[in-house]
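Structural features, examined
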Amino acid sequence: MTLLTFPPPVENEATEALRTEVRAFLAEAIATRTPLERAESWNGFDREFSRAMGARGWLGMTWPKEYGGHERSAFERYVVVEETLAAGAPVAAHWIADRQSGPSLLRYGTEAQKRTILPRIAAGDCVFCIGMSEPDSGSDLAATRTRAERQVDGSWTVNGTKLWTTYGHEADYMILFCRTSGTPADRHKGTSQLLVDMKATPGVTVRPIYDVMGQHHFNEVHFEDAVLPPDAILGTEGQGWAQVMGELAYERSGPERFLSSIQLLLELIGTLQGSESVAAQTAVGRLFSHLVTLRHMSRGVAALLEAGEDPTVHAAIVKDLGATFEQDLPDIARSLVDEEPDLQSTSDFAAVLAYTTMAAPAFSLRGGTREILRGIIARQLGLR
Amino acid sequence: MDDISSILYESAQRLLGDLSERVLAGQALTDKDRADGWRRIEEMGLPVALVSEEAGGFGFSDADAFGLVRICGRHIVAWPLVETMLANRFAVENGSEPLEGPVETLGELTPEQREAAALTRAVQMAGALDAILAMTISHVQERQQFGRALAKFQAVQHSLAILASEVAAGQAAADHAVARRAQGGDGATLAIGIARARIGEACSKAAAIAHQLHGAIGYAQEHRLHLYTTSLWKWRDEFGTQAWWTQQVGREVLASGRDAFWPMVTAA
Ligand SMILES: Cc1cc2nc3c(=O)[nH]c(=O)nc-3n(C[C@H](O)[C@H](O)[C@H](O)COP(=O)(O)OP(=O)(O)OC[C@H]3O[C@@H](n4cnc5c(N)ncnc54)[C@H](O)[C@@H]3O)c2cc1C
């Protein structure tokens, strides 16, 4: 059953020294952020903060120096990522670019794209969004209808609609997954990825979609005869499916997939601190054991990435278990503490509980639903 | 792991696999089979596997010795082999000779011994989870209903995905506790508590799903599944119940408090 074995995490003095450095930085940089703001987790958007991270060399950490990277290990990057998440730092302005778009560009971008864009990402100065989902293509990503047609001069004309595009309204670029030949019936064949300049492409309109909390994170992005230059094609025309699966492996692999509720867990511990109640101790012991185990598994995924191995299934397991953990937390907290959830409350516990309860449904949707992940695991077990 | 351990793993796997096949669930062994089987186990030296080399053991590192325990968990046999391994280790640590096996119960244990036994059980559970997962996968691939293998039904696929994920998590927790103990230092007790809390829960979920997917045949004494599930239901509460271990972890977390919480996670 080697497919279920997670390689042991690697710890050394370098990663632990880095951890101390990151903690010290965060203690100052986000000192004034309230628990409720911290609960936003990776939705918190602050360009200044991202630039400060870039200035310290904590973005694009594993990339080659010639593209603005720092040639550090996947484990060092892991330390920075988990520390910023655990602290509730506002990472959204660099999150997607650092996690998945940058690595995609590094792999498939033209030399010019790599030279101009990667250093900006590493500086915390370039926001990316993900152009995968559409009105009629969610879990069934291959059903994409958005189309890019090649013109005689080599440029591309794009028509279609992308949906749920997180921070599309702030983004400098999108990596667009769409059809470049054939019809939706051709499924994976004839799909490609294109790089879209979100600030300078006529024919691209971004409309807000408000979520259950009334917040504006995601968007509808409409393309109407939007013209992209010939070199907008990312990687190989027609290889979009393989490329987008590679991108998703990065999207699903990190500790953000079990740390979204960490702020609530911290408030819960704060509220129960020193409690002698057996029920409280047992519930917290269980949560802690789950969290620590998820972290070991997740660092195993980082070890696979570092070794250049395909982390798809391991990442699916961590994301599925992780989302369940994050989503169970609000109800467990409610069962232990006699306080009404209330976003406006002066009690941090009550406010964060209210927030996390409303945020939780998305945890098993975004980045691939629970059902899709379980299908991936079942395939690996040889069942389909 | 060096060559010698991997050869030994292989032979142990073969012997225990063979002996395990013969424990036809629900049927008592004849006295002769019982004596012969234990003799073969002794000939391989397995009862002293956890004992130091000077005292007649293999001189395994702790991690390699636990590898052998995991194999024991995978192949449930009619003899209390792991109990005997532990009894011999404790006897030798106390300056006595290894015992005449098989040893059925361990009696009073010191706190350190109990901790070692608790971790050993966790690793044995990890092995039994390997077996339960493998059994359940082959069952749903072989058993046909509605004209197709059960494995082709999405509800079945998703149950198995949950089973596999629980197995992976339980095993990761046990593996980590083994590594922490090998490192020495004071993190081992907490890691063992975490392992027992997490793998105990994995066992509950895995056993439930395995029984559900096996249908009635898995509930029959003649089927081997219950050898594993009934063992897990016992083991998860031995050498400290799952409730006790989980509470120990929680007590430590709550005593340390909010500000120490995340550093405690990264140090665990
Ligand atoms: C907060 C948030 C942020 C997001 N950000 C982005 C973004 O930035 N960019 C982007 O492209 N997308 C984004 N998404 C979209 C996300 O990727 C999709 O929601 C997801 O892929 C599911 O698609 P859907 O919502 O259309 O649901 P559907 O695919 O319609 O699924 C609905 C339900 O049916 C189930 N289902 C579907 N197919 C099957 C099947 N074959 N077997 C069993 N069950 C099935 C699903 O699991 C789900 O439970 C975001 C979503 C959220 C919630």
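Predicted model, so just to flag it, every value in this text is computed and none were measured.

A look at helix α7 (residues 188-214) of chain B
Residues and elements named next belong to chain B.
- Compared with the 39 Å implied by 1.5 Å per residue over 27 residues, the 37 Å span of α7 between its first and last C-alpha is a close match.
- With 22 of its 27 residues buried, α7 lies for the most part within the structure.
- Just downstream of α7 lies G215, where phi reads positive at about 70 degrees.

Observations concerning the site of the ligand
- Lining the immediate surroundings of the ligand are 15 residues, of which S133, S139, W164, T369 and E371 of chain A lie closest.
- Those chains with residues close to the ligand are chains A and B.
- Within the contact set of the ligand, an oxygen atom lies 2.7 Å away from a backbone nitrogen or oxygen of S133 of chain A.
- Within the contact set of the ligand, a nitrogen atom lies 2.8 Å away from a side-chain nitrogen or oxygen of Q154 of chain B.
- For the ligand, whose unbound accessible area comes to 970 Å², protein coverage reaches 64%.

Describing the layout of surface pockets
- Within this model, the second largest pocket holds a volume of roughly 1000 Å³.
- Around the second largest pocket sit 39 residues that line it, and T5 and F6 of chain A together with R70, Q171 and D175 of chain B are the ones nearest its centre.
- Of all the elements in the fold, those that place two or more residues in the lining of the second largest pocket are α10 (278-306) of chain A together with α1 (3-22), α3 (62-74), α5 (111-142) and α6 (154-183) of chain B.
- With 10 residues, the top contributor of residues to the lining of the second largest pocket is α6 of chain B.
- For the lining of the second largest pocket, the class distribution of residues is 23 nonpolar, 8 polar and 8 charged.

Here we look at the domain arrangement of chain A
Residue and element names in this part refer to chain A.
- When its domains are assigned, chain A resolves into domain 1 (13-126), domain 2 (130-239) and domain 3 (254-380).
- Averaged C-alpha coordinates put domain 1 and domain 2 at centres separated by 25 Å.
- Contacts between domain 1 and domain 2 engage 18 residues on the former and 15 residues on the latter.
- Carbon and sulfur atoms supply 61% of the area that domain 1 and domain 2 bury against each other, a total of about 1400 Å² over both sides.
- Inspection of the domain 1/domain 2 interface yields 2 salt bridges.
- A salt bridge links R47 to D172, with the shortest nitrogen-to-oxygen separation between them at 4.0 Å.
- The interface formed by domain 1 and domain 2 contains 4 residue pairs in polar contact (both at pLDDT 80 or more).

As for the nonpolar core
- Ranked by internal contacts, the top residues of the largest apolar core, which has 117 residues, are L265, F288, L291, M297 and I317 of chain A together with L160 and F261 of chain B.
- When residues in this core are grouped by element, the largest group, 12 residues, is from α10 of chain A.
- In this view, M297 of chain A contacts F6, I317, V318 and L321 of chain A together with A168, A169 and A172 of chain B; residues no more than four positions away in its chain are not counted.
- Counting residues in hydrophobic clusters, the runner-up holds 43 residues, among them L15, L46, F60 and A87 of chain B.

Remarks on the packing of helix α9 (residues 262-272) of chain A against helix α12 (residues 348-359) of chain A
All names here are of chain A.
- At their nearest, the axes of α9 and α12 sit 9 Å apart, and the two run at 150 degrees to each other. One finds that α9 runs roughly antiparallel with respect to α12. Of the two possible hands of crossing, α9 and α12 adopt the one that is left-handed. Every residue of α12 that contacts α9 at Q263, L264, E267, L268 and T271 is listed here: D348, F349, V352, L353 and T356.
- A breakdown of the residues in the contact of α9 with α12 according to their chemical character gives 5 nonpolar, 3 polar and 2 charged.

Re the confidence of the model for chain B
- Chain-level statistics for chain B give a pLDDT mean of 94 and a share of 99% at 70 or above.
- Reported confidence for the predicted complex is 0.96 by ipTM and 0.96 by pTM.

With respect to the interface of chain A and chain B
- With 49 residues of chain A in contact, the opposing surface of chain B contributes 43 residues.
- Carbon and sulfur atoms make up 69% of the area that chain A and chain B hide from each other, which totals about 4100 Å².
- Counting the surface chain A buries against chain B, the share from its top three residues, Q281, F288 and L383 of chain A, is 17%.
- Inspection of the region where chain A meets chain B yields 2 salt bridges.
- Here E267 of chain A and R258 of chain B are joined by a salt bridge, their closest N and O atoms 2.5 Å apart.

Focus: helix α2 (residues 31-43) of chain B
Residue and element names in this part refer to chain B.
- When the terminal C-alpha atoms of α2 are compared, their 18 Å separation across 13 residues agrees well with the 18 Å that a helix rising 1.5 Å per residue should span.
- Residues of α2 that are buried include every one of G37, W38 and I41, and no others. Taken around the axis of α2, the buried residues stretch over an arc of 95 degrees, which confines them to a single face. In α2, the exposed positions angled more than 90 degrees off the buried face are occupied by D31, K32 and E43.
- Looking at the buried positions of α2, the neighbouring elements they touch are α1 and α4 (81-93).
- The positive-phi residue at the C-terminal boundary of α2 is G45, with phi of around 80 degrees.

Comments concerning the domain arrangement of chain B
All names here are of chain B.
- Partitioning chain B into structural domains gives domain 1 (3-93) and domain 2 (111-267).
- Once you take the C-alpha centre of each, domain 1 and domain 2 turn out to be 22 Å apart.
- Contact with domain 1, which involves 19 residues of that partner, is made by 26 residues of domain 2.
- Across the domain 1/domain 2 interface, buried area totals approximately 2000 Å², and carbon plus sulfur atoms make up 62% of it.
- The tally of links between domain 1 and domain 2 comes to 5 salt bridges.
- With a closest N to O distance of 3.0 Å, R70 and D130 form a salt bridge.
- Counting across the interface, domain 1 meets domain 2 through 8 residue pairs in polar contact (both at pLDDT 80 or more).
- Elements with a minimum of two residues in the side of domain 1 that touches domain 2: α1, α3 and α4.
- Among the elements that take part in the side of domain 1 that touches domain 2, α3 stands out by supplying 7 residues, more than any other.

Considerations on the environment of E111 of chain A
All names here are of chain A.
- Among the secondary structure elements, E111 is positioned in helix α6 (residues 111-122).
- Placed 44 residues apart in sequence, E111 and Y67 show a C-alpha to C-alpha distance of 9.7 Å.
- A distance of 2.9 Å separates a polar atom in the side chain of E111 from a polar atom in the side chain of Y67.

What to know about the pattern of salt bridges
- This model, assessed by the stated rule, comprises 41 salt bridges over all chains.
- With a closest N to O distance of 3.0 Å, E111 of chain A and R115 of chain A form a salt bridge. Within this pair, E111 of chain A and its partner R115 of chain A are both found in helix α6, separated by 4 residues, close to a single helical turn.
- By relative accessible area, which is 39% here, E111 of chain A ends up partly exposed.
- A relative accessible area of 42% means that R115 of chain A is categorised as partly exposed.
- Ionic pairing is found between E201 of chain B and K205 of chain B, a salt bridge with its closest N-O pair at 3.0 Å. Taken together, the residues span about one helical turn, with E201 of chain B and K205 of chain B both in helix α7 at a distance of 4 residues.
- Where salt bridges share partners, they join E16, R19, R23, E82, E83 and R295 of chain A into one cluster.

What counts, and at which threshold
Residues numbered from 1 in each chain as written. Chains lettered and ligands numbered in written order. Predicted model: local features only at pLDDT ≥ 70, side-chain atom pairs only at ≥ 80, totals over all residues. Heavy atoms only, no water. Helix = DSSP H or I, 4+ residues; strand = E, 2+ residues; numbered from the N terminus. Expected span 1.5 Å × (residues − 1). Buried < 20%, exposed > 50% of the residue type's maximum accessible area, 1.4 Å probe, protein only. Near = heavy atom within 4 Å. Polar contact = N/O pair within 3.5 Å; in protein donor to acceptor, adjacent residues only side chain to side chain. Areas by Shrake-Rupley, 256 points an atom, 1.4 Å probe, with all protein chains shown as cover. 1 Å grid on protein atoms, 1.4 Å probe; cavity = no way out; pocket = protein on both sides within 12 Å on 5 of 7 lines; lining within 4 Å. Points joined across faces, edges and corners; volume = space filled by probe spheres on them. Nonpolar A, V, L, I, M, F, W, Y, C, P; charged D, E, K, R; others polar. Domains from an automatic or database assignment. Contact = heavy atoms within 4.5 Å. Buried area = accessible area lost by both parts, 1.4 Å probe. Salt bridge = Lys/Arg side-chain N within 4 Å of Asp/Glu carboxyl O. Core = buried A, V, L, I, M, F, W, Y, C linked by side-chain atoms within 4.5 Å. Axes fitted to C-alpha atoms, helices over the stretch in contact; angles between N-to-C directions. Parallel < 35°, antiparallel > 145°, perpendicular 65-115°, else oblique. Left-handed = near helix turned anticlockwise from the far one by under 90°. pLDDT = per-residue confidence, 0-100. Arc of directions from axis to C-beta.

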